[in-house]
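# Summary of the model geometry
Here are the chains, one letter per residue:
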Amino acid sequence: MVIGVTMVNVLPGKERAAYTELQHIEGIKDIYHVFGEYDFVVIVDVGDLSRLNNIVDNIRENEFVTATQTIVGAELK
């Protein structure tokens, strides 16, 4: 299991449109609209890093997204 936490910036005034498009990306578990340096925090829960990379690439392809930063977490055993 791999958890990705991706912080997302979008074009000003395009938060609703970006949110709507993010909702359609398979693998995204939760999307939180936040205030501060970033506009959204996106939680991705997948099986491996390759899948996480693909989802982050899909997020970046959103026409309203201007920047992302991803933190990767893995389960400790």
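Higher on the page you've got the structure.
### Side note on the environment of R60
Relative to the elements of secondary structure, R60 occurs in helix α2 (residues 49–61). Overall, the relative accessible area of 47% leaves R60 in the partly exposed class. Separated by 51 residues in sequence, R60 and N9 place their C-alpha atoms 9.9 Å apart. Apart from residues lying up to four places away in sequence, R60 is in contact with V65 and T68.

### Regarding the side chain of D39
Within the secondary structure, D39 sits in the loop between β2 (28–33) and β3 (40–46). A polar side-chain atom of D39 sits 2.8 Å from the main-chain amide nitrogen of V10. Apart from residues no more than four positions distant in its own chain, D39 is found in contact with V8, N9, V10, E15, Y32, H33 and V34.

### Focus on the pairing of β3
Along any regular strand, the residues point their side chains to alternate faces of the sheet. With six of its seven residues buried, β3 lies for the most part within the structure. Across seven bridges, strand β1 (residues 2–10) lies against β3 in antiparallel orientation. Pairing of I3 across the sheet is with D45, part of β3. Note that β2 and β3 share five bridges and pair antiparallel. Directly across from I28, in β3, lies its bridge partner V44. Here β2 hands over to β3 after six residues, with G36 in that stretch at a positive phi of 130°.

Rules behind the numbers
- Residues numbered from 1 in each chain as written.
- Predicted model: local features only at pLDDT ≥ 70, side-chain atom pairs only at ≥ 80, totals over all residues.
- Heavy atoms only, no water.
- Helix = DSSP H or I, 4+ residues; strand = E, 2+ residues; numbered from the N terminus.
- Buried < 20%, exposed > 50% of the residue type's maximum accessible area, 1.4 Å probe, protein only.
- Contact = heavy atoms within 4.5 Å.
- Polar contact = N/O pair within 3.5 Å; in protein donor to acceptor, adjacent residues only side chain to side chain.
- Pairing = 2+ DSSP bridges.

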